[in-house]
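Single-letter residue listing:
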Amino acid sequence: MNWENNVRRVVPYTAGEQPQDPSVIKLNTNECPYPPSPKVADALRDYDICNLRKYPDMNITLLLEALARLHGILPEQIFVGIGSDDVLSMAFMTFFNSGKPVLFPDVTYSFYDVWADLYKIPYECKPLDENFNIVKEDYLKENGGIVIANPNAPTAILAPVSDLEEIIQANPDSVVIIDEAYIDFADEKKDSCLPLIDKYDNLLVTRTFSKSRSMAGMRIGYACGSKKLIKYLNDVKFSFNSYTLSTPAILAGAASVEDNDYFEDICNKVRRTRKRVWQELRSLGFEETVSHTNFLFASHEKIPAGQIFEALKENKIYVRHWNKPRIDNFLRITVGTDEEMDTMIAFLKKYL
Ligand SMILES: *Cc1c(COP(=O)(O)O)cnc(C)c1O
């Protein structure tokens, strides 16, 4: 039994449930309730299945070029992976090797500590303040790297770019990752750190097709940064798995990026529904953070979140709840269609 002494032991990340019952109202993993762009359907329909016999384009050129046009940057400033989880995990492996602790908030995406453990990277969690805002000063000390989700999950809170820029600027010796999985649901383009990649070569901004582009099942994520950062990421990728994205994923991803009007339209729909549900929940005695995402982070004035979570689940409405310090009295509720939200609100009105 000695081989077990030499196993890389990890406590894996727990993802939200994926129930197979189609009658469940699924508000637990922040998927978009609307279908992807019709151009995605066209691209997949037009794809000649015979071509599956060939390996995909390992440079993912078609998608890189589409994204480069979208953001007004060079293809050499973009790295694509199998969802942003793949991109983030690869970035941890590539950039966090100083032996000094990597810093991220205590309440944030719960995959960061899992990757740190997996790669044996030391880390320190910096407590958010009592309103779940980042304490900027905590990130102005020596460190081995920084990861900040903005807007943050599960709190839905957006940090000002000026604060993040100060952190990036103060840390020329480490890579700062800003995880912008939800930035498309913020109100203004100026809320993104993406424009800063030309100014700071230690900044990596990650994005995903899983939320705002309605393509969680396709597994596409990317990172933007200086040419140098991206080259290092590619060196690691090509030492690990040259063919990450499948050909259908590359084609579907590029088609989605080409249809910007559709994309803006569904993001606006989510924002409208979010605003309405925010008000409805307030009138039911919930308190929510100001959301810049496609989910709400809500706590009820009387009933414990765990209890509401179970009651919703019994009624086939799945939301997310964590038995973790600081957030165990909150629910994270994905913004679904107006109809799904009405069903949830009707239930809560009866239940509360
Ligand atoms: C959803 C999410 C991701 C990962 O999404 P992928 O589906 O792997 O692209 C990364 N970071 C945060 C904060 C997320 O919520």
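Our subject in this report is the structure included herewith. (Residues numbered from 1 in each chain as written. Predicted model: local features only at pLDDT ≥ 70, side-chain atom pairs only at ≥ 80, totals over all residues. Heavy atoms only, no water.)

1. So, a nonpolar patch on the surface
Taken together, the side chains of Tyr 55, Met 58, Phe 238 and Tyr 243 make up a nonpolar region of the molecular surface, amounting to roughly 400 Å² of accessible area. One can find Tyr 243 in the loop between helix H6 (227-237) and helix H7 (247-258). (Patch = residues over 30% accessible without salt bridge, like charges linked within 9 Å, V, L, I, M, F, W, Y side chains within 5 Å. Areas by Shrake-Rupley, 256 points an atom, 1.4 Å probe, with all protein chains shown as cover. Salt bridge = Lys/Arg side-chain N within 4 Å of Asp/Glu carboxyl O. Helix = DSSP H or I, 4+ residues; strand = E, 2+ residues; numbered from the N terminus.)

2. Section: the site of the ligand
Looking at the ligand, the residues that line it are Gly 83, Ser 84, Asp 85, Leu 88, Tyr 109, Asp 179, Ala 181, Tyr 182, Thr 208, Ser 210, Lys 211 and Arg 219. Within the contact set of the ligand, an oxygen atom lies 2.6 Å away from a side-chain nitrogen or oxygen of Tyr 182. Within the side chain of Arg 219, one N or O atom sits 2.8 Å away from an oxygen atom of the ligand. Computed on the free molecule, the ligand has an accessible area of 390 Å², of which 92% lies beneath the protein chains in the complex. No other element matches helix H3 (residues 83-95), which puts four residues into the shell around the ligand. When the residues that make up the shell around the ligand are grouped by side-chain class, the tally is four nonpolar, four polar and four charged. (Near = heavy atom within 4 Å. Polar contact = N/O pair within 3.5 Å; in protein donor to acceptor, adjacent residues only side chain to side chain. Nonpolar A, V, L, I, M, F, W, Y, C, P; charged D, E, K, R; others polar.)

3. Looking at the packing of aromatic side chains
Summed over the entire model, instances satisfying the criterion amount to 19 aromatic pairs. Between the aromatic rings of Phe 209 and Tyr 222, the centroid separation amounts to 6.0 Å while the plane-to-plane angle is 75°, which identifies the pairing as edge-to-face. Remark: Tyr 222 occurs in strand S8 (residues 221-224) and Phe 209 occurs in the loop between strand S7 (203-208) and S8; sequence separation between them is 13 residues. The exposure class of Phe 209 is buried, given its relative accessible area of 0%. Look at Tyr 222 and you get buried, because its relative accessible area is 4%. (Phe/Tyr/Trp six-rings, centres within 6.5 Å; stacked < 30°, edge-to-face > 60°. Buried < 20%, exposed > 50% of the residue type's maximum accessible area, 1.4 Å probe, protein only.)

4. As for helix H2 (residues 61-71)
Given 3.6 residues to a turn, an α-helix orients residues that are three or four positions apart in the same direction. Here H2 has its buried residues at Leu 63, Leu 64, Ala 66, Leu 67 and Ala 68. The inward-facing, buried residues of H2 contact strand S2 (78-81), S8 and H7. (Contact = heavy atoms within 4.5 Å.)

5. Considerations on empty space enclosed by the protein
Enumeration according to the criterion identifies two cavities of 30 Å³ or more in this entry. Its boundaries defined by the atoms lining it, the largest cavity holds a volume of some 60 Å³. Considered class by class, the residues forming the lining of the largest cavity number eight nonpolar, two polar and no charged. The computed volume of the second largest cavity comes to approximately 40 Å³. As for the second largest cavity, its lining consists of Pro 36, Ser 37, Ser 212, Arg 213, Ser 214, Ser 256, Asp 259, Tyr 262, Phe 263 and Ile 266. Tallying contributions element by element places helix H8 (residues 260-283) first for the lining of the second largest cavity, with three residues. Among the residues making up the lining of the second largest cavity, the classes are represented as four nonpolar, four polar and two charged. Mapping the lining of the second largest cavity onto the domain boundaries places at least three of its residues in each of domain 1 (2-36 + 261-351) and domain 2 (48-259). (1 Å grid on protein atoms, 1.4 Å probe; cavity = no way out; pocket = protein on both sides within 12 Å on 5 of 7 lines; lining within 4 Å. Points joined across faces, edges and corners; volume = space filled by probe spheres on them. Domains from an automatic or database assignment.)

6. Observations concerning the layout of surface pockets
Its boundaries defined by the atoms lining it, the largest pocket holds a volume of some 740 Å³. Taken together, 40 residues line the largest pocket, and the ones lying closest to its centre are Tyr 13, Tyr 109, Ser 110, Arg 320 and Arg 332. At the level of secondary structure, the elements contributing two or more residues to the lining of the largest pocket comprise H3 and strand S3 (102-105). A per-class count over the lining of the largest pocket returns 18 nonpolar, eleven polar and eleven charged. Here the lining of the largest pocket spans two domains, and each of domain 1 (2-36 + 261-351) and domain 2 (48-259) adds at least three residues to it. Estimated volume of the second largest pocket: approximately 450 Å³. The wall of the second largest pocket is formed by 23 residues, among which His 71, Asp 184, Lys 189, Arg 207 and Phe 263 lie closest to the centre. Elements supplying a minimum of two residues to the lining of the second largest pocket: H2, S7 and H8. For the lining of the second largest pocket, the leading source of residues is H8, giving five residues. Each of domain 1 (2-36 + 261-351) and domain 2 (48-259) gives at least three residues to the lining of the second largest pocket.

7. Here's the deal with the packing of H8 against helix H10 (residues 338-351)
Interhelical geometry of H8 versus H10 gives an angle of 5° and a closest axis separation of 11 Å. It follows from the interaxial angle that H8 and H10 lie roughly parallel. Contacts between H8 and H10 involve Thr 273, Arg 276, Val 277, Glu 280 and Leu 281 on the former and, on the latter, Asp 338, Met 341, Asp 342, Met 344, Ile 345, Leu 348 and Lys 349. For the contact of H8 with H10, the residue count by class is six nonpolar, one polar and five charged. (Axes fitted to C-alpha atoms, helices over the stretch in contact; angles between N-to-C directions. Parallel < 35°, antiparallel > 145°, perpendicular 65-115°, else oblique.)

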